[in-house]
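Understanding the architecture of this molecule
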Amino acid sequence: MSVTVAADQQVVTAIVTALEEVLGQELTDVTEQTRLFDDLSLDSTSVLGLLMALEDALDMQVDPEGLEQSHLETVGSLAAFIAESR
């Protein structure tokens, strides 16, 4: 299944916006390589908030059963998971 670059960029933008919401701060230097836990200090509670914000923003449901730790390593890996899930 191929995903367009525009769709990927939309997902990355939604992730950054949701991260800003969850973390309560503006994030200006987040890229697809930004690590969610190591660089942004997310924890399990903030991940839950992030996923709920993304579900609202992208009008989708995230299947927690399908979510693996590797999907939460970077902004890019989360974007790829979401793109596949839609």
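Structure report, in brief. Being a predicted model, the structure only gives us computed values, none of them experimental.

Inspection of the secondary structure puts Glu-55 in helix α2 (residues 44–58). Of the side chains with opposite charge, Arg-86 comes closest to the buried, unpaired Glu-55, at an N-O distance of 11 Å. Leave out the neighbours within four places in its chain, and Glu-55 touches Met-60, Gln-61 and Val-62.

This paragraph deals with unusual backbone geometry. A positive phi angle is found at Ser-41, which is not glycine, with a value near 55°. Looking at the secondary structure, you find Ser-41 in the loop between α1 (5–23) and α2. Positioned with a positive phi, Asp-59 is a non-glycine residue whose angle comes to about 50°. Its place among the elements puts Asp-59 in the loop between α2 and α3 (75–85). By relative accessible area, which is 72% here, Asp-59 ends up exposed.

Rules behind the numbers
- Residues numbered from 1 in each chain as written.
- Predicted model: local features only at pLDDT ≥ 70, side-chain atom pairs only at ≥ 80, totals over all residues.
- Heavy atoms only, no water.
- Helix = DSSP H or I, 4+ residues; strand = E, 2+ residues; numbered from the N terminus.
- Buried < 20%, exposed > 50% of the residue type's maximum accessible area, 1.4 Å probe, protein only.
- Lys, Arg positive; Asp, Glu negative; His and termini not counted.
- Salt bridge = Lys/Arg side-chain N within 4 Å of Asp/Glu carboxyl O.
- Contact = heavy atoms within 4.5 Å.

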